[in-house]
Amino acid sequence: MKNISLSVKFISTAAVMLAAVMLFASAEATAKERLTAYSDWKSAGEKASDKAIAMIKKAGAAVKKENLIVLTNAGYAEADGVSTQGALDGITKVTGVSRGKNTLVELHTAPWAPLWFAVYDRASGFCAYLEADPQNPVKYNTAAVERIDAEYLYTHAPDYNEKFKKNVFGGNEFRILTIANAAAKGAPASVIRTVEFHDHYCPGVNSGIFMVNYIKKNFPPDDKGYFIQSVTPWCKEDAFQVMLNVTLGKKSYSIYHPSDSDIDARENNLKDVNVIVYRHDKKMDRWEGIALVFNWPDKSSKSTGNGLIDKVRESLWYLENIDKPEDFVRIAKSFKLPEGTAPVDWARPGVDPLKKISKAEK
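Predicted model, so just to flag it, every value in this text is computed and none were measured.

Undergrad: Describe the environment of Ile 69, with residues and values.
TA: Examined against the element boundaries, Ile 69 turns out to sit in strand S1 (residues 68-72). For Ile 69 and Leu 104, which are 35 residues apart along the polypeptide, the C-alpha to C-alpha distance reads 6.1 Å. For Ile 69, the residues in contact, after removing those within four places along its chain, are Val 97, Thr 103, Ala 118, Val 119, Tyr 120, Arg 122, Ala 180, Ala 183 and Ala 184.

Undergrad: Lay out the sheet that holds strand S11 (residues 286-294) with the relevant residues and their values.
TA: Read from one edge to the other, the open sheet built from 5 strands follows the order S9-S8-S10-S11-S12, with strand pairing classed as mixed. The open sheet has two edge strands with one neighbour each: strand S9 (253-255) and strand S12 (329-336). Going across the sheet, the axis of each strand differs from the next one's by a mean of 20 degrees, ignoring polarity. Where strand S8 (residues 226-230) meets strand S10 (residues 275-281), 5 bridges bridge the pair, whose relative direction is antiparallel. For Phe 227, the partnering residue across the bridge sits in S10 and is Tyr 278. This element, helix H8 (residues 236-244), spans S8, S9 and S10 of the sheet and lies at about 175 degrees to S8.

Undergrad: Describe the side chain of Ser 124, listing the residues and the values that go with them.
TA: You can see Ser 124 is positioned in the loop between strand S5 (116-121) and strand S6 (126-133). Ser 124 gets classed as buried once you look at its relative accessible area, which sits at 18%. Side-chain polar atoms of Ser 124 contact the side chain of Asp 121, separated by 2.6 Å. Sequence-distant contacts of Ser 124, that is, excluding residues within four places in its chain, are made with Ile 56, Ala 61, Arg 147 and Asp 149.

Undergrad: Tell me about the state of the cysteines, and name the residues and values.
TA: Across all of its chains, the model carries 0 disulfides by this definition. Cys 202 takes part in no disulfide bond, and the closest cysteine sulfur, belonging to Cys 235, lies 3.9 Å away. In this structure Cys 202 comes out as buried when scored by relative accessible area, which is 6%. By relative accessible area, which is 27% here, Cys 235 ends up partly exposed.

Undergrad: Describe the environment of Ala 87, naming the residues involved and giving the relevant values.
TA: Assignment of secondary structure puts Ala 87 in helix H2 (residues 86-95). On the basis of relative accessible area, Ala 87 is assigned to the buried category, the value being 0%. Along the backbone, Ala 87 and Trp 41 are 46 residues apart, and their C-alpha atoms lie at a distance of 4.7 Å.

Undergrad: Hey, could you go over empty space enclosed by the protein for me, with residue numbers and the actual values?
TA: Counted according to the given criterion, the structure contains 1 cavity of 30 Å³ or more. In this model, the largest cavity occupies a volume close to 40 Å³. As for the largest cavity, its lining consists of Asp 281, Met 284, Arg 286, Trp 287, Glu 288 and Lys 336. The leading source of residues in the lining of the largest cavity is S11, at 3 residues. Its residues placed into classes, the lining of the largest cavity shows 2 nonpolar, no polar and 4 charged.

Undergrad: I'd like a description of helix H6 (residues 189-198), backed by residues and values.
TA: Within the sequence span of H6, burial applies to Val 191, Ile 192, Thr 194, Val 195, Glu 196 and His 198. Residues of H6 that are buried sit in contact with strand S4 (104-106), helix H5 (173-184), helix H7 (203-218) and H8. A positive phi of about 75 degrees marks Asp 199, the residue just after H6.

About the thresholds
Residues numbered from 1 in each chain as written. Predicted model: local features only at pLDDT ≥ 70, side-chain atom pairs only at ≥ 80, totals over all residues. Heavy atoms only, no water. Helix = DSSP H or I, 4+ residues; strand = E, 2+ residues; numbered from the N terminus. Contact = heavy atoms within 4.5 Å. Pairing = 2+ DSSP bridges. Axes fitted to C-alpha atoms, helices over the stretch in contact; angles between N-to-C directions. Buried < 20%, exposed > 50% of the residue type's maximum accessible area, 1.4 Å probe, protein only. Polar contact = N/O pair within 3.5 Å; in protein donor to acceptor, adjacent residues only side chain to side chain. Disulfide = S-S within 2.5 Å. 1 Å grid on protein atoms, 1.4 Å probe; cavity = no way out; pocket = protein on both sides within 12 Å on 5 of 7 lines; lining within 4 Å. Points joined across faces, edges and corners; volume = space filled by probe spheres on them. Nonpolar A, V, L, I, M, F, W, Y, C, P; charged D, E, K, R; others polar.

See the structure below:
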């Protein structure tokens, strides 16, 4: 019996050791697979960059690395569940673009979106677009080169009507035209970070950028930061989350969806409020806030005849005025919360924060 017991013990120990070896081998194989995936996608990024540069040169431009800006959804797009992030290193190796220079723009997309690259030469205005074949990342379902610098677009707008209808940039025309031109004009890092997350550069996200700049300048927080409550949600929400680091997950952001009757019931001075900003007064140990309104500028300027190009002009106009948030944002009311009350108390189901504000102490 003793020998049998020892044999069983030996077999059990051997089985455990064998399982451990197999687990280690499996982990090692997985690591190698990941390394191969990284190497493959890095190579894909290099090849896409080389091809894009060759396309721009063929269009007649003398390409210099210091003039390049790259937009891509590499790292967000996936191929059969595999990350394409390695492509970013291939791109930077060939083109010299980087996060620090604000010349590598990583556009947020769904993981099932096609992987694409847009290499823009700001000296010539030419942009080469490549959309990778999901089954073979060094082959491209779409390959096109167009001149897209803003000044050229404005004077040749009618020529682009048919081109853009055909999705020459795979349906990413709005993203690429607005963001590439903004980056070329020296858009601040905060703007690029915001439009990356929002995945395009539109008037709606611009309003959020201006409101954040106003808040930072005129309503600085203590060490607890901000609590943001949107009472009329639109694209601006993404700017608040990126630029102020307020998120639903950190319980520093809430959204209230008012009905038309809710808005009609507001006090007249609060009807146009878009967002409520709360900060903590450390000395008083009490929360206070401001209700903000974004004043949309007059958009009656003459159209170019192309709606997409008009959006480029509009975005760049906002960029030119980015240091003047007071021209676009006003405070409808400043107020203090009752002692012992936190902003989250006004963000609970069934609570209308505008009604609370109308009765709050100034």
